[in-house]
Amino acid sequence: MNGTCFDEANLLNVCQESIDYQGIVKHINDGVFILREGNIIFTNGAFCEIVGREMTNLLGRPFADLVIPEDRDRVARYCVDKLYTSELSDRIEFSITRPDEDAIVEMKLTVVDCGGAPAILSAITDITERRKTRIELQRVKDRLESILHAMNDVVVSLSPTDQSILAINPAAEALYGIPRRAFSAGEMQLMHFVHPEDREAVGKFYRSLEEDEFGEMQYRIISSTGRIKWVHDEGQLVYCTIRSIRRLDHVIRDITEQKEALDALTRSEEKYRDFFQSTKDMAYSVTSDGTFIDINEAGIQMLGFASREEALASNLKDFYDNLSERADLLAQINEDGFVTDKHVRFRLKDGKPIEVAITARAKTDDSGYLLYYEGIAHNITQAMEDQRNRVLRNAAGGMCHYLNTHLMHILNAKDGIEEEIECLDGATRNMSDEAREAWTNATSSLRSYCEDLHLAYRNITAVTKAFNSAFLTYKEESYLDKAILDIFNSCLEDPLDCSTSPIPPGKEAGEK
């Protein structure tokens, strides 16, 4: 402390009686200084530490130089007004400049007499850290309030004594259908909205929290519009001190859609199970390596198992006639997640081959990990055979039509040649003997060719008639290459025998 300056100021008469005021001012943590005409005429050590400057650099210096430019005019005007207005507040906050960083200070001041002139005796406190803490707390508070206001779940604090609402977020308006202020004013309590059938259980749940400290429950509420909703309520005790209850906090979530979806899923699973057991196709689920997890009765019969136990101990992979088809099917399922009507060939336990159309999908968990495959296999063996037969019949009909068209051209051409020969025979009377002999030989050859054409016409016609009879008369019959050859051979041996239809394979004489 600058004792000379203090003595000249003649303000406090510091050494009165036995109290050492100079020692007090010197050692206190608050910065003490005196301003006269805006200049610093006295400081203590704490003030020097707060502003970060040496005392020799402060005495006689305008105090405004220490204030940041943004606050300078406001502080200077305040100090002047304080000299003439006693009712003005004795505290002001502003920022001062320091070599390392600016500081926020609170200054308390009073007007004193200094050498016959008014001066300002001030004490300043560095509140930078306090202000930072307050700002950070306010920021955290604002952030929490913003989160609470943005939440879809209702967050509510209740009094532990009477269950009255202490605080509630805006999500309550959407859930209960009334303005938030109605809750805040205490007009509406949560228990009023609980479904009458659940009210007793909910009341017991709320009362038990004081002993259990945490709990959760699902129950129904009725909103102001009369709609019934399902909610999930999580409650816990909050203490202000050890074992001193301050409030009961609840997070209430609307689970109506989830509840309805779960109920719909339960009904769907029941329908699926009914379909699984009642369908005539093979319904199954297998592990990733093909081991049966489940299979219906139709599948047990299709594959030839003696019992369900035997089926569940088996592997679907063993029934593929060609394992490359299984690899292609699994590759498509793993890539797309499903496969529809994929045709593969099975070989049953008795060795009989069949064709099946598989519709299957991969079941995965939430992280995408494969759990199992499930699908339906429809036996299409007969359908595929019928389809091939229809293709064969259509091809035979087309071939017969094509041959018949050209046969008609051949027949017309043969008849025309024979007519021309008959017409030209009358012109041979005026020919010489040599010319007549040559004509006779030529017409003989032409008639022989016409007979050959007629024989070919009869043979081909017999074959087309046999094909028409065999493939168009009998429906959904199995035709093999041998059946086609039999038709040709039977007609080519003696075309006249083809006037009756040949017996297709699998038909007995007299069977229609």
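Going along each chain's sequence as written, the residues are numbered from 1 onward. At least 70 in pLDDT is required for a residue's local features to be given in this predicted model, at least 80 for side-chain atom pairs to be given and counted, and no such filter applies to totals for whole chains, interfaces and linings, which use all residues. Side-chain descriptors were evaluated using all non-hydrogen atoms of the structure, hydrogens and water having been removed beforehand.

**Describing the overall build of the chain**
Quick note on the threshold: The way it works is that DSSP assigns letters per residue, a run of H or I at least four long becomes a helix, a run of E at least two long becomes a strand, and they are numbered from the N terminus. Only heavy atoms matter for contacts: two residues are in contact if any of them lie within 4.5 Å across the pair. Using a 1.4 Å probe, accessible areas were evaluated by the Shrake-Rupley method; residue-level cover was limited to the displayed protein chains.
For the chain, the helix and strand inventory stands at 15 helices and 15 strands. Pairs at least 24 apart in sequence give 45% of the contacts found in the chain among residues at least 6 apart. As presented, the chain carries roughly 31000 Å² of accessible surface, and 51% of it is formed by carbon and sulfur atoms.

**Quick notes on the sheet that holds strand β5 (residues 117-126)**
The criterion, for reference: For two strands to be treated as a pair, DSSP must find at least two bridges joining them. Every angle, taken between N-to-C directions, lies between 0 and 180 degrees, and every axis is a line fitted to C-alpha atoms, over only the stretch in contact when it is a helix.
One open sheet holds the 5 strands; their spatial order is β2-β1-β5-β4-β3, and the pairing between them is antiparallel. Both edges of this open sheet fall to β2 (39-43) and β3 (91-96), since each of them pairs with a single strand only. When strand polarity is set aside, the average angle formed by the axes of neighbouring strands in this sheet is 35°. Two strands pair when backbone bridges link them, and strand β1 (residues 31-36) and β2 are joined in this way by 4 bridges, in the antiparallel orientation. When the bridges of β2 are listed, Ile 34 appears paired with Phe 42. Taken strand by strand, helix α4 (residues 69-84) contacts β1, β3, β4 (103-114) and β5, and its axis lies near 150° from that of β3.

**Quick look at helix α12 (residues 323-336)**
Where we set the bar: An expected span of 1.5 Å times one less than the residue number is assigned to each helix. Type-normalised accessible area, obtained with a 1.4 Å probe on protein chains alone, sets the label of each residue: buried when under 20%, exposed when over 50%, and partly exposed for intermediate values. This arc is built from the directions going out from the helix axis to the C-beta atoms.
With 14 residues, α12 should reach 20 Å at 1.5 Å per residue; the first-to-last C-alpha distance of 20 Å fits that figure. Looking at α12, one finds that the buried residues are Glu 325, Arg 326, Leu 329, Leu 330 and Ile 333. Along the axis of α12, the buried positions cluster into a sector of 130°, meaning they face one direction only. Opposite the buried face of α12, at more than 90 degrees from it, the exposed residues are Asn 334 and Glu 335. Elements in contact with the buried residues of α12: β13 (338-347), β14 (353-364) and β15 (370-379). Looking one or two residues beyond α12, the residue adopting positive phi is Gly 337, at roughly 90°.

**Section: the sheet that holds strand β11 (residues 282-286)**
Paired through backbone hydrogen bonds, the strands of a sheet run either parallel or antiparallel to each other. An order of β12-β11-β15-β14-β13 is seen for the 5 strands of this open sheet, with the pairing classed as antiparallel. Each having just a single partner strand, β12 (292-295) and β13 make up the two edges of the open sheet. Here the average twist between neighbouring strands, direction ignored, is 30°. Inspection of the sheet shows β11 paired to β12 by 3 bridges, in the antiparallel sense. Looking across to β12, one finds that Ser 285 is bridged to Asp 294. Taken strand by strand, α12 contacts β13, β14 and β15, and its axis lies near 165° from that of β13.

**What about the environment of Gln 218?**
In this fold, Gln 218 is placed in strand β8 (residues 214-222). Each C-alpha atom, one on Gln 218 and one on Val 231, is 5.6 Å from the other, the two residues being 13 residues apart in sequence.

**Some remarks on the pairing of β11**
Remember that side chains alternate between the two faces of the sheet whenever the strand is regular. Burial within β11 is extensive, with 5 of its 5 residues counted as buried. Here β11 hands over to β12 after 5 residues, with Gly 290 in that stretch at a positive phi of 105°.

**Thoughts on a negative patch on the surface**
The following threshold applies: Patches in this entry comprise residues that are over 30% relatively accessible and not in a salt bridge; like charges within 9 Å are linked, as are nonpolar side chains (Val, Leu, Ile, Met, Phe, Trp, Tyr) within 5 Å. The term salt bridge refers to a side-chain nitrogen of Lys or Arg lying within 4 Å of a carboxyl oxygen of Asp or Glu. We count Lys and Arg on the positive side and Asp and Glu on the negative side, and we leave His and both chain ends out. To locate a charge, the coordinates of NZ of Lys, CZ of Arg, CG of Asp or CD of Glu are taken.
A cluster of like negative charges, contributed by Asp 254, Glu 257, Glu 260 and Asp 263, occupies part of the molecular surface. A total of 3 residues in the negative patch trace back to one element, the largest contributor, which is helix α9 (residues 256-278). Structurally, Asp 263 can be placed in helix α9. Given the relative accessible area of 36%, Asp 263 is considered partly exposed.

**With respect to the packing of aromatic side chains**
Which entries qualify depends on this criterion: Ring pairs shown here join Phe, Tyr and Trp side chains whose ring centres sit within 6.5 Å, with only the six-membered ring taken for Trp; geometry is labelled stacked below 30 degrees between planes, edge-to-face above 60, and tilted in between. Should the NZ of a Lys or the CZ of an Arg lie within 6 Å of a ring centre and within 35 degrees of the ring normal, that charge is described as sitting over the ring.
Tallied over the entire structure, the rule returns 10 aromatic pairs. With 4.9 Å between their ring centres and 20° between their planes, Phe 33 and Phe 63 make a pair best called stacked. Here Phe 33, found in strand β1, pairs with Phe 63, found in the loop between α3 (45-51) and α4; they are 30 residues apart in sequence, far enough to count as distant. Exposure class is identical for Phe 33 and Phe 63. Each is buried. With 5.4 Å between their ring centres and 75° between their planes, Phe 305 and Phe 319 make a pair best called edge-to-face. Placement of the pair is Phe 305 in the loop between α10 (297-303) and α11 (308-312) and Phe 319 in the loop between α11 and α12, with a sequence separation of 14 residues. Residue Phe 319 is classed as buried on the basis of its relative accessible area, which comes to 6%. These aromatic residues form a ring-pair network of at least three members: Phe 33, Phe 47, Phe 63 and Phe 94. Between Lys 259 and the ring centre of Trp 230, over which it is positioned, the NZ or CZ distance is 4.5 Å.

**Thoughts on unusual backbone geometry**
The backbone of Glu 37 shows a phi angle near 55°, a positive value even though the residue is not glycine. Looking at where Glu 37 falls in the secondary structure, it is placed in the loop between β1 and β2. Of note, Glu 213 is a non-glycine position whose phi angle comes to about 70°, a positive value. By secondary structure assignment, the location of Glu 213 is in the loop between α8 (199-212) and β8.

**A short note on the side chain of Ser 95**
On the secondary structure map, Ser 95 appears in strand β3. Apart from the residues lying within four places of it in its own chain, the contact partners of Ser 95 are Val 67, Ile 68, Asp 71, Ala 103 and Ile 104.

**Quick look at the pattern of salt bridges**
In this structure the tally under the stated criterion is 17 salt bridges. The residue Asp 71 makes a salt bridge to Arg 74 at a minimum N-O spacing of 3.5 Å. Residue Asp 71 and its partner Arg 74 are located together in helix α4, separated by 3 residues, close to a single helical turn. What makes Arg 74 partly exposed here is its relative accessible area of 35%. Each of Glu 101, Glu 129 and Lys 132 takes part in one network of salt bridges that share partners.

**Details of the confidence of the model for the chain**
Put simply, the test is: The score called pLDDT rates the predictor's confidence residue by residue, from a low of 0 to a high of 100.
Looking at the chain, the pLDDT average stands at 81 and 84% of residues meet or exceed 70. Here residues 498-512 is modelled with pLDDT under 50, and outside its nearest four sequence neighbours on either side it reaches 19 contacts, counting other chains as well.

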